[in-house]
Amino acid sequence: MTRYTCLVHYHELGLKGRNRSTFEQQLRRNVAAAVAPLVPQAEVARISGRLLVSVGSFDESVEVARVVTLVPGVARVSCALRTNRDLDEIQAAALEVLGMYGHYESFKVVARRANTDFYLDSMEMNRRIGAFLCEQLPDKRVRMTDVDAKVHVEVIEGSAFVYVRTERGVGGLPVGSSGKVVCL
């Protein structure tokens, strides 16, 4: 399983009803074209309302995220570690992404499940991952507001994605998804 990924989030495409798949496929093609010069072997796939760009290293994921944020239609891009849906692996990934974050004094865990078939609910994941991080990082504080680092955990389609870094994209609709307009 590829560990380093970029999760590409979009929001306006979800409003397009029966045309949604057309918009998503156009965005996928645009992201793949933008990423190809940097990482030719990068794979771009659609998973549960997001695009997933699989890369080989953390440095590649940061570089890919920088480029993808400039693609119209992208709301935000997160550099994530992909793990199996195993709590021990998720906790280890959370510790790893916090280590790559840089300087921070406080953190909080924000967990979400796209599917409810994972054996822990979001609140229990927050508690268990937060407790693990508190044990491993006794000099750091947990805060719910005005926090330095948010550890996001998303359980999606058989995998868990753990990230701290998120870059804002340009938003809008993908280039090539609209038709021609004639003005009189």
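Remember, it's a predicted structure, so these values are computed and weren't measured experimentally.

Visitor: Explanation requested: the side chain of Ser159 in the structure shown.
Guide: By secondary structure assignment, the location of Ser159 is in strand β8 (residues 159–168). Overall, Ser159 belongs to the buried group, its relative accessible area being 3%. Side chain to side chain, Ser159 and Arg82 meet in a polar contact 3.1 Å long.

Visitor: When you look at the packing of helix α3 (residues 87–101) against helix α4 (residues 122–136) in this model, what are you seeing that I'm missing?
Guide: How two helices sit against one another is set out by the angle between their axes and by the gap between those axes. Axis separation between α3 and α4 bottoms out at 10 Å; the angle between their running directions is 55°. For the element pair α3 / α4, the angle class is oblique. Along this stretch, α3 crosses α4, giving a crossing that reads as right-handed. Residues Leu87, Ile90, Gln91, Ala92, Ala94, Leu95 and Leu98 of α3 lie in contact with α4, whose contacting residues are Arg128, Ile129, Phe132, Leu133 and Gln136.

Visitor: Whenever I open this one, helix α2 (residues 58–68) confuses me. Can you help?
Guide: In an α-helix, one turn spans 3.6 residues, which is why side chains three or four residues apart end up on the same side. Among the residues making up α2, those that are buried are Phe58, Ser61, Val64, Ala65, Val67 and Val68. Against the buried residues of α2 lie β1 (4–9), α1 (20–35), β3 (50–54), β4 (76–83), α3 and β8.

Visitor: Quick question: what am I supposed to make of the pairing of β8 here?
Guide: Consecutive side chains along a regular strand alternate between the two faces of the sheet. As paired strands, β4 and β8 are joined by seven bridges and run antiparallel to one another. When the sheet's bridge partners are listed, Val77 is paired in β8 with Glu167. Hairpin remark: strand β7 (residues 149–156) followed by β8, antiparallel, with two residues in the connecting loop; positive phi at Glu157, about 40°.

Scoring rules and cut-offs
Residues numbered from 1 in each chain as written. Predicted model: local features only at pLDDT ≥ 70, side-chain atom pairs only at ≥ 80, totals over all residues. Heavy atoms only, no water. Helix = DSSP H or I, 4+ residues; strand = E, 2+ residues; numbered from the N terminus. Buried < 20%, exposed > 50% of the residue type's maximum accessible area, 1.4 Å probe, protein only. Polar contact = N/O pair within 3.5 Å; in protein donor to acceptor, adjacent residues only side chain to side chain. Axes fitted to C-alpha atoms, helices over the stretch in contact; angles between N-to-C directions. Parallel < 35°, antiparallel > 145°, perpendicular 65-115°, else oblique. Left-handed = near helix turned anticlockwise from the far one by under 90°. Contact = heavy atoms within 4.5 Å. Pairing = 2+ DSSP bridges.

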